[in-house]
Amino acid sequence: MFEKLLVANRGEIAIRVLRAAREMGIGTVAVHSEADRLAPHVRFADEAVEIGPAASAESYLRIDRILEAARRTGADAVHPGYGFLAERADFARAVEEAGLIFVGPAPETIEAMGDKTAARQRMQAAGVPIVPGIVDPAENALAALAAAEEIGFPVLLKAAAGGGGKGMRVVETADALERAFEAARREAVAAFGDGSVYVERYLARPRHIEIQILGDAHGNVVHLGERECSIQRRHQKLVEEAPSAVLDEAGRAAMGIAAVRAAEAVDYRGAGTVEFLWENGEFWFLEMNTRLQVEHPVTELVTGLDLVAWQLRVAAGEPLEFGQADVRMTGHAIECRITAEDPDGGFLPSTGRIEHLRLPEGPGVRWDGAMEVGLDVSLHYDPLLGKLIVHAPDRAAAIARMARALREFELVGPDHAAAFHRRVMANDAFAAGDLSIRFVDEHPALTESAPAESTVARAGATAAVLLEEARRERRTAPRLSSAGGVELGPWRSLGHPAGTSAP
Ligand code: ADP
């Protein structure tokens, strides 16, 4: 095992990785921007190095500065987390060329899966079903139109270099295609510096189901079952669960075999995810993410495996100690992403200082976050504040547990997604497992607060902030003698603290 790990990331994922390294007795180095000097992840590491100004392009995306930090601190391995440089083959290569271990797959693997058309070709050759469509970029709008007519409308135009839902356009009819093609191409050039666009069938009401895989450097690959991530907004996942309500043993095995085949086709090493769209019992390869994913904890809870620990062991050259038959899934896990986005305002990002925070506790509850009172949430970075994850014996119990945990959750500061998640947990179609990637659009009430709800939320929030202020005052102000009976100060009129819990 290597001795010192540098984590090239921030926020909850940096903390997640730093925690695993600590448990394994590995030394840790955090990197941070100027704006993140006091960020929580900095305190979770043995050492920290400042790598530049707030803007990611000047800090978390600066390969040279990250490698310099590794050199200065004597780190011998680098974990990229997710986002930022995690799927950049040039970063993986630069880390290896500097004589360090990159915790992730080989640069060639990242490259092979980073281009969606190249990945589709690889998967087709490996016998993995892909979403029907072309496997080369369309040369121009005319070629895209010909492809679309063969595939059948509606179609989806996608940027080959795409990610984060950018450069994607649904096209319903032939006359709308040319404009959409040019728009997708422009967006792809702006976002990725590569305007290649291809065409695939737009599935009507699919579910997003993905398979977690784990491979070592000795040719062993296992899959750790599926996660369903159909609850999305603008192609971004909001709620994830394991297992999927719709897969039986046979369906899981079929998808698992396809995912292992996909991984083997690119000599996969480390933790990765093969994403599929599923409809009426059929499934098609969507893409492979060559990194740890945000939603990995649901898999950890049902399999009992620590995915980050395995990433580190595999990166150090250790073989997987178990085979496919040893992987068991127990119970049901759900994750809700708590983002600083306003669910009732089109999920627009929100900023501000965290004034009050109370995290859920109790049986079966896990919080992976990077939040504390006083922290400023800015627009510089990803809006993900933390993830609330629960584990219970079955799906119904997991939903009830998540609903309970969300009731305990209190956050006053930027707008955030908790109210949305409460509504999802109370939704009948969700309880019935009737999901598709259109779920949020099909249930508009999820993104519109009832008038009463917002009034209660505001009242609760105001009370929570007043309480927090009173607590601070009590800690700093000199206490008067209890004989005077005045030491409780201004918050007495608010009544019992339990009355402040947000709805
Ligand atoms: P990105 O890499 O930009 O995230 P993906 O290819 O992973 O793009 O797709 C993101 C999401 O877009 C999927 O989870 C799904 O909701 C939707 N999507 C992608 N391809 C299709 C398709 N062919 N038909 C319908 N929806 C799709």
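All figures in this text were calculated on a predicted structure; none of them were measured in a lab. (Residues numbered from 1 in each chain as written. Predicted model: local features only at pLDDT ≥ 70, side-chain atom pairs only at ≥ 80, totals over all residues. Heavy atoms only, no water.)

Before going further, it helps to spend a moment on the overall build of the protein. For the protein, the count of helices and strands is 16 helices and 22 strands. A globule of 503 residues ought to have a C-alpha radius of gyration of about 23 Å, and the protein, at 24 Å, matches this closely. Along the first, second and third principal axes, the C-alpha set of the protein runs to 85 × 55 × 45 Å. When each of the 503 residues of the protein is scored for burial, the buried share is 53%. Counted over contacts in the protein with a minimum sequence separation of 6, partners at least 24 positions apart contribute 65%. Of the roughly 21000 Å² that the protein leaves accessible, carbon and sulfur atoms contribute 51%. Here the protein contributes 54 positive and 74 negative side-chain charges, whose respective centroids are spaced 5 Å apart. (Helix = DSSP H or I, 4+ residues; strand = E, 2+ residues; numbered from the N terminus. Rg over C-alpha atoms; globule rule 2.2 N^0.38 Å. Buried < 20%, exposed > 50% of the residue type's maximum accessible area, 1.4 Å probe, protein only. Contact = heavy atoms within 4.5 Å. Areas by Shrake-Rupley, 256 points an atom, 1.4 Å probe, with all protein chains shown as cover. Lys, Arg positive; Asp, Glu negative; His and termini not counted. Charge placed at Lys NZ, Arg CZ, Asp CG, Glu CD.)

A separate point is the sheet that holds strand S10 (residues 221-233). Two pairing modes exist for strands in a sheet, parallel and antiparallel, and in both the strands are linked by backbone hydrogen bonds. Strand order in the open sheet made by the 8 strands is S13-S12-S9-S10-S11-S14-S21-S19, with antiparallel pairing throughout. The outermost strands of the open sheet, each flanked by one partner alone, are strand S13 (282-289) and strand S19 (365-369). Taking each pair of neighbouring strands and ignoring which way they run, the sheet shows an average axis angle of 25°. Of the pairings in the sheet, the one linking strand S14 (residues 332-339) to strand S21 (residues 384-392) comprises 8 bridges and is antiparallel in character. (Pairing = 2+ DSSP bridges. Axes fitted to C-alpha atoms, helices over the stretch in contact; angles between N-to-C directions.)

Here we come to the site of the ligand. What surrounds the ligand is a group of 21 residues, the closest being Lys-116, Gly-165, Arg-201, Gln-232 and Glu-287. Within the side chain of Glu-200, a nitrogen or oxygen atom sits 2.9 Å from a nitrogen atom of the ligand. Between the ligand and the protein, one listed contact pairs a nitrogen atom with a backbone N or O atom of Arg-201 at 2.7 Å. When the ligand is considered free in solution it has 560 Å² of accessible area, and contact with the protein chains removes 96% of it. Of all the elements in the fold, those that place two or more residues in the shell around the ligand are strand S6 (155-159), strand S8 (197-201), strand S12 (270-279) and S13. Partitioned by chemical class, the residues of the shell around the ligand number 8 nonpolar, 6 polar and 7 charged. Counting contributing residues, the shell around the ligand receives three or more from each of domain 2 (132-201) and domain 3 (207-447). (Near = heavy atom within 4 Å. Polar contact = N/O pair within 3.5 Å; in protein donor to acceptor, adjacent residues only side chain to side chain. Nonpolar A, V, L, I, M, F, W, Y, C, P; charged D, E, K, R; others polar. Domains from an automatic or database assignment.)

All right, on to the domain arrangement of the protein then. How large an interface is tends to be reported as the accessible area lost when its parts come together. Each domain of the protein was delimited in the assignment, giving domain 1 (4-103), domain 2 (132-201) and domain 3 (207-447). Here the C-alpha centroids of domain 1 and domain 2 sit 36 Å apart.

A few words now on the environment of Gln-232. When you line up the elements, Gln-232 lands in strand S10. Through-space distance from the C-alpha of Gln-232 to that of Asp-441 is 9.3 Å; in sequence the pair is 209 residues apart. Apart from residues no more than four positions distant in its own chain, Gln-232 is found in contact with His-208, Lys-237, Leu-238, Ile-437 and Val-440.

In this section: the packing of helix H5 (residues 107-114) against helix H6 (residues 116-125). Where H5 contacts H6, the two axes come as close as 5 Å, and the packing angle between them is 100°. Looking at the two axes, H5 sits roughly perpendicular to H6. Contacts between H5 and H6 involve Ala-112, Met-113 and Gly-114 on the former and, on the latter, Lys-116, Ala-118, Ala-119, Arg-122 and Met-123. Its residues placed into classes, the contact of H5 with H6 shows 5 nonpolar, 1 polar and 2 charged. (Parallel < 35°, antiparallel > 145°, perpendicular 65-115°, else oblique.)

Okay, H6 next. Every buried residue belonging to H6 is among Lys-116, Thr-117, Ala-119, Arg-120 and Met-123, and all of these are buried. The buried residues of H6 all sit within an arc of 155° when viewed along its axis, so they share a single face. Tucked into the core, H6 has its buried residues touching H5, S6, S8, helix H9 (249-265) and S13. Looking at the residues trailing H6, positive phi occurs at Gly-127, about 80°. (Arc of directions from axis to C-beta.)

What follows concerns unusual backbone geometry. Backbone torsion omega between Phe-153 and Pro-154 reads -5°, so that peptide bond is classified as cis. Take Pro-154: it is sitting in the loop between helix H7 (141-151) and S6. Geometrically, the link from Ala-242 to Pro-243 is a cis peptide bond, its omega value of -5° lying close to zero. Here Pro-243 lies in the loop between strand S11 (236-242) and H9.

Moving on, we get to the pairing of S11. Among the 7 residues in S11, 6 count as buried, and that is most of the element. Pairing analysis gives 4 bridges linking S10 to S11, with the strands arranged antiparallel. Directly across from Glu-228, in S11, lies its bridge partner Glu-241. Two successive antiparallel strands, S10 and S11, enclose a turn made up of 2 residues, where Arg-234 displays a positive phi of approximately 50°. The pairing of S11 with S14 spans 4 bridges and is classified as antiparallel. Considered in S14, the bridge of Glu-241 is made with Ile-334.

Bringing the environment of Val-197 into the picture now. Take Val-197: it is sitting in strand S8. When its relative accessible area of 0% is taken as the criterion, Val-197 is described as buried. The sequence separation of Val-197 and Pro-343 amounts to 146 residues, and the corresponding C-alpha distance is 31 Å. Not counting the four nearest positions on each side in its chain, Val-197 is found in contact with Pro-137, Ala-138, Leu-157, Lys-158, Ala-159, Phe-181, Ala-184 and Arg-185.

Now for the packing of helix H4 (residues 89-97) against H5. It is at 8 Å that the axes of H4 and H5 come closest, and there the two elements cross at 175°. When the interaxial angle is binned, H4 and H5 end up roughly antiparallel. Note on element contacts: H5 touches H4 through Pro-107, Glu-108, Ile-110 and Glu-111, opposite Ala-89, Ala-92, Arg-93 and Glu-96. Here the residues of the contact of H4 with H5 are counted per class, giving 4 nonpolar, no polar and 4 charged.

Considering the arrangement of structural elements, one finds Glu-410 in strand S22 (residues 410-412). Judged by its relative accessible area of 3%, Glu-410 is buried. In terms of polar contacts, Glu-410 uses its side chain to reach the side chain of His-356, at 2.5 Å.

So, on to the sheet that holds strand S2 (residues 27-32). Read across the open sheet, the 5 strands follow the order S3-S2-S1-S4-S5; overall the sheet is parallel. On the outer flanks of this sheet lie strand S3 (47-50) and strand S5 (101-102), each paired with one strand and no other. As defined by bridge partners, strand S1 (residues 4-7) adjoins S2 across 4 bridges and the pair is classed as parallel. Among the inter-strand pairings, Leu-5 is bridged to a residue of S2, identified as Thr-28.

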